[in-house]
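# Tertiary structure, described
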Amino acid sequence: KSDIQNWLSSLKHDTGEPFSKNSIQHYRYAVSGLFNYALERDYIQANPVKEIGKARRGQKNGGEYNCEIVSLSDTRRLLAAARDKVPEMLAPVALGLFAGLRTAEIRRLSWEHVDLARGIIKITADIAKKRSVRNVNISSNLQKWLMLESERTGSVAPQKAASWRYHHDKLKKEAELDHWPHNVLRHSFGSYHLEATGDPAKTAFEMGHRDAGDLLFQHYRQLTSKEDAQAFWKITPKTVKSIQSFTDHQSQQQTA
């Protein structure tokens, strides 16, 4: 841990000027991804980068904060926890991760806006932020997650603020994810989608941005790898083990 922290703190440009907090954060994610790869293959027992305090989010730029994303292993754990323990949050989590909807949009969304037959989600004016009215494509893996919902009527997410907070907090506890940055699911979508498609215009359109300018490149580019991005879009209910399996695996590691 201390070696990684010292390395991050020592990063400098050729001119000798220290890297910005955002640049250091990008390096932190890259190293964290390497350790997550080793963790998933049981080469190590824990990701030391997770113990390092995360930099504070940057100032707003064009309406979005500098982002953090969910790793592949935490994505699987989060979906498993929602499916097995907090079903009220399964659709909201899947829509955030694989459709890139804002939290506010998810909480306003009704199932009547989700057209599984046509493969689109209608983000209408009463749902969208400002001019973000759009149709969002439903990816093949998102469709599989949404199909787990037996009754697709009414609101997609818990409506009352207290109910949303209760289920949201329960989900974080079941998934053992203490850190939940602002709009982290949407940011994960942006990063994985941009890396997988290599098409800034398409990613911008799906997310409701007015253009594919510097915003995407500042906040989403190089937060993940091509391999991880491809794996992200293959995460389906069949590829995610039970949340109990995650818990048992972690217990075995701690007692080994």
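These numbers were taken from a predicted model, which means no experiment stands behind them.

Further remarks concern the overall build of the protein chain. Counting secondary structure elements, the protein chain contains 12 helices and three strands. Across the 256 residues in the protein chain, those meeting the buried criterion constitute 46%. Here the contacts in the protein chain between residues at least 6 apart in sequence split such that 68% fall between residues at least 24 apart. Put simply, the protein chain shows about 13,700 Å² of open surface, and 48% of that area lies on carbon and sulfur atoms.

It is possible for side chains bearing opposite charge to pair when their charged atoms get close. In the structure shown here, the tally under the stated rule is five salt bridges. Taken together, the salt bridges that share partners define one network made up of R102, E105 and R134.

Turning our attention to the sheet that holds strand β3 (residues 134–137). Pairing within the open sheet is antiparallel, and its three strands lie in the order β1-β2-β3. Because the sheet does not close on itself, it has two edges, and the strands there are β1 (114–115) and β3. Pairing of β1 with strand β2 (residues 120–123), which is carried by two bridges, proceeds in the antiparallel orientation. When the bridges of β2 are listed, D115 appears paired with I120.

This part covers helix α3 (residues 72–84). With 13 residues, α3 should reach 18 Å at 1.5 Å per residue; the first-to-last C-alpha distance of 18 Å fits that figure. Looking only at α3, the buried set comprises L72, S73, D74, T75, R77, L78, L79, A80, A81 and A82.

Turning our attention to the packing of α3 against helix α7 (residues 161–175). Closest axis-to-axis distance for the α3/α7 pair is 9 Å, and the angle between their directions is 120°. By the angle between their directions, the pair α3 and α7 is classed as oblique. In this structure, α3 meets α7 at a crossing whose hand is right-handed. Residues R77, L78, A81 and A82 of α3 touch α7, and the partners they reach there are L171, E174 and A175. Looking at side-chain class alone, the contact of α3 with α7 contains five nonpolar, no polar and two charged residues.

Residues three or four positions apart in an α-helix share a direction because the helix packs 3.6 residues into each turn. Counting buried positions along helix α4 (residues 90–99) gives 10 out of 10 residues, so the element sits mostly inside the fold. Among all positions of α4, only L90, A91, P92, V93, A94, L95, G96, L97, F98 and A99 are buried. Looking one or two places after α4, you find G100, whose phi comes out positive at around 70°.

Moving on, we come to the nonpolar core. L95, F98, L101, L109, I121 and L142 are the most contacted members of the largest nonpolar core, which has 53 residues in total. Elements with a minimum of two residues in this core: α3, α4, β2, α6 (140–146), α7, α8 (184–197), α11 (226–232) and α12 (243–255). No other element matches α4, which puts eight residues into this core. Setting aside anything within four residues of it in sequence, one finds L142 in contact with A94, L95, F98, A99 and I121. Residues I4, F19, V31 and V49 belong to the second largest nonpolar core, which totals six residues.

Phi angles above zero are rare outside glycine, and E176 is one such case at about 55°. Among the structural elements, E176 can be located in the loop between α7 and α8.

Turning our attention to the confidence of the model for the protein chain. Close inspection of predicted coordinates is inappropriate for parts of the model with low pLDDT. On average, residues of the protein chain score 83 in pLDDT, and 81% of them reach the 70 mark or higher. Within the protein chain, no element has a lower average pLDDT than helix α10 (residues 214–219), which sits at 58, and none a higher one than α4, at 98. Below a pLDDT of 50 lies the segment residues 54–65, which in the model reaches 31 contacts outside its immediate sequence neighbourhood of four places, other chains included.

Criteria and cut-off values
- Residues numbered from 1 in each chain as written.
- Predicted model: local features only at pLDDT ≥ 70, side-chain atom pairs only at ≥ 80, totals over all residues.
- Heavy atoms only, no water.
- Helix = DSSP H or I, 4+ residues; strand = E, 2+ residues; numbered from the N terminus.
- Buried < 20%, exposed > 50% of the residue type's maximum accessible area, 1.4 Å probe, protein only.
- Contact = heavy atoms within 4.5 Å.
- Areas by Shrake-Rupley, 256 points an atom, 1.4 Å probe, with all protein chains shown as cover.
- Salt bridge = Lys/Arg side-chain N within 4 Å of Asp/Glu carboxyl O.
- Pairing = 2+ DSSP bridges.
- Expected span 1.5 Å × (residues − 1).
- Axes fitted to C-alpha atoms, helices over the stretch in contact; angles between N-to-C directions.
- Parallel < 35°, antiparallel > 145°, perpendicular 65-115°, else oblique.
- Left-handed = near helix turned anticlockwise from the far one by under 90°.
- Nonpolar A, V, L, I, M, F, W, Y, C, P; charged D, E, K, R; others polar.
- Core = buried A, V, L, I, M, F, W, Y, C linked by side-chain atoms within 4.5 Å.
- pLDDT = per-residue confidence, 0-100.

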